[in-house]
Amino acid sequence: MSTPIVNLWKAALKTFTGQNDVGYKFCQQNFEKLHSLINEIKADDVKLTPEILRFVEFQPAPMCFIHIFENDDISISVFILKNGVTMPIHDHPGMHGLLKVLSGVVNINSYTIQSEIDYLVNLDKKIEATSHAPEIVNKNDPACILTPRNKNLHGISCVEGPAAFLDILSPPYKVDIYGDGERPCTYFKIISSNETSSSKNDEISDKVQLIVTDSPPDFFSKTLKYSGPVLS
């Protein structure tokens, strides 16, 4: 009998396998099925126990990371932020992503870049973006979605924790042991903003200017062992 995380993994493979092949077409129906399945995932499905959360709370790293699965097309992981910790604004170059909170509460600040940029972004480069309304998300909320264009940058703050979330990215980041490669994770910070009215539903949005920064020296992670159902 398949488990929820195995069913999710199979759906992710069905959605994203072969995306680098000639003739691959993104199937919105498959993606919506994947979104439906991840919305049903619970902490128990990946063996995220209260003992693990207590361990995270008292160890030195701001964040812990549990690797579940990765190939050329997808990565599946769990991230756990200590209470009060913020994962700095970062990008997901060319990726689709789904983020499902499993425990605690997070505040997600998302940004959509206003112009095309390369995967490799130079340090100190300035980027124009739209800032979306912050989202307070807990385990009862549906998974948040990012695409290669929409909400592709975000920063995540733990407001009640430790806060854990399951992350599916496609394709995965692609770097070497030094963090260099064709699809790295780039960090940003806000240097200016200008509040404007949106034409849709009279929402208020910010036009912001971001600048590329180095990887924050005080933000690091500890890797924990995955003990849930094997995906292979």
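The preceding data block contains the structure.
Heads up: these notes are all about the structure in this document. (Residues numbered from 1 in each chain as written. Predicted model: local features only at pLDDT ≥ 70, side-chain atom pairs only at ≥ 80, totals over all residues. Heavy atoms only, no water.)

All right, on to the overall build of the protein then. Helix and strand content of the protein: 3 helices and 11 strands. Reading the protein from its N end, one meets helices and strands in the order α-α-α-β-β-β-β-β-β-β-β-β-β-β. Relative to a compact globule of 232 residues, whose C-alpha radius of gyration would be 17 Å, the protein shows 17 Å and is just as compact. Projecting the C-alpha coordinates of the protein onto the three principal axes gives extents of approximately 50 × 50 × 40 Å. Here the protein holds 232 residues, and 48% of them are scored as buried. Across the protein, the fraction of contacts at a sequence separation of at least 24, relative to all contacts at a separation of at least 6, is 77%. As presented, the protein carries roughly 12,400 Å² of accessible surface, and 50% of it is formed by carbon and sulfur atoms. Put simply, the protein has 21 plus and 28 minus side-chain charges, and the middle of one group is 5 Å from the middle of the other. (Helix = DSSP H or I, 4+ residues; strand = E, 2+ residues; numbered from the N terminus. Rg over C-alpha atoms; globule rule 2.2 N^0.38 Å. Buried < 20%, exposed > 50% of the residue type's maximum accessible area, 1.4 Å probe, protein only. Contact = heavy atoms within 4.5 Å. Areas by Shrake-Rupley, 256 points an atom, 1.4 Å probe, with all protein chains shown as cover. Lys, Arg positive; Asp, Glu negative; His and termini not counted. Charge placed at Lys NZ, Arg CZ, Asp CG, Glu CD.)

So, on to the environment of asparagine 194. Its place among the elements puts asparagine 194 in strand β9 (residues 187–197). When the C-alpha atoms of asparagine 194 and aspartate 206 are compared, they prove to be 5.4 Å apart, with 12 residues separating the residues in sequence.

Our focus in this paragraph is the environment of proline 50. Within the secondary structure, proline 50 sits in helix α3 (residues 50–58). Assessed through its relative accessible area of 48%, proline 50 is described here as partly exposed. On a C-alpha basis, the gap between proline 50 and serine 103 in space is 9.7 Å, while along the polypeptide they are 53 residues apart.

With that settled, consider the pattern of salt bridges. Where side chains of opposite charge bring their charged atoms close, a pairing between them can arise. Tallied over the entire structure, the rule returns 3 salt bridges. Between lysine 151 and glutamate 135 there is a salt bridge whose closest N-O contact spans 3.5 Å. Taken together, the residues span a long stretch of sequence, with lysine 151 in the loop between β7 (144–146) and β8 (153–170) and glutamate 135 in strand β6 (residues 135–138) at a distance of 16 residues. Take glutamate 135: its relative accessible area is 26%, and that puts it in the partly exposed class. (Salt bridge = Lys/Arg side-chain N within 4 Å of Asp/Glu carboxyl O.)

With an omega of 10°, the peptide bond between glycine 161 and proline 162 qualifies as cis. The topology assignment puts proline 162 in strand β8. Between serine 170 and proline 171 the backbone carries a cis peptide bond, its omega angle lying at -5°. With respect to the helices and strands, proline 171 occurs in the loop between β8 and β9. The phi torsion at aspartate 124 lies on the positive side, around 75°, for a residue other than glycine.

So, to be careful, I would describe these as geometric facts and stop short of saying anything about function.
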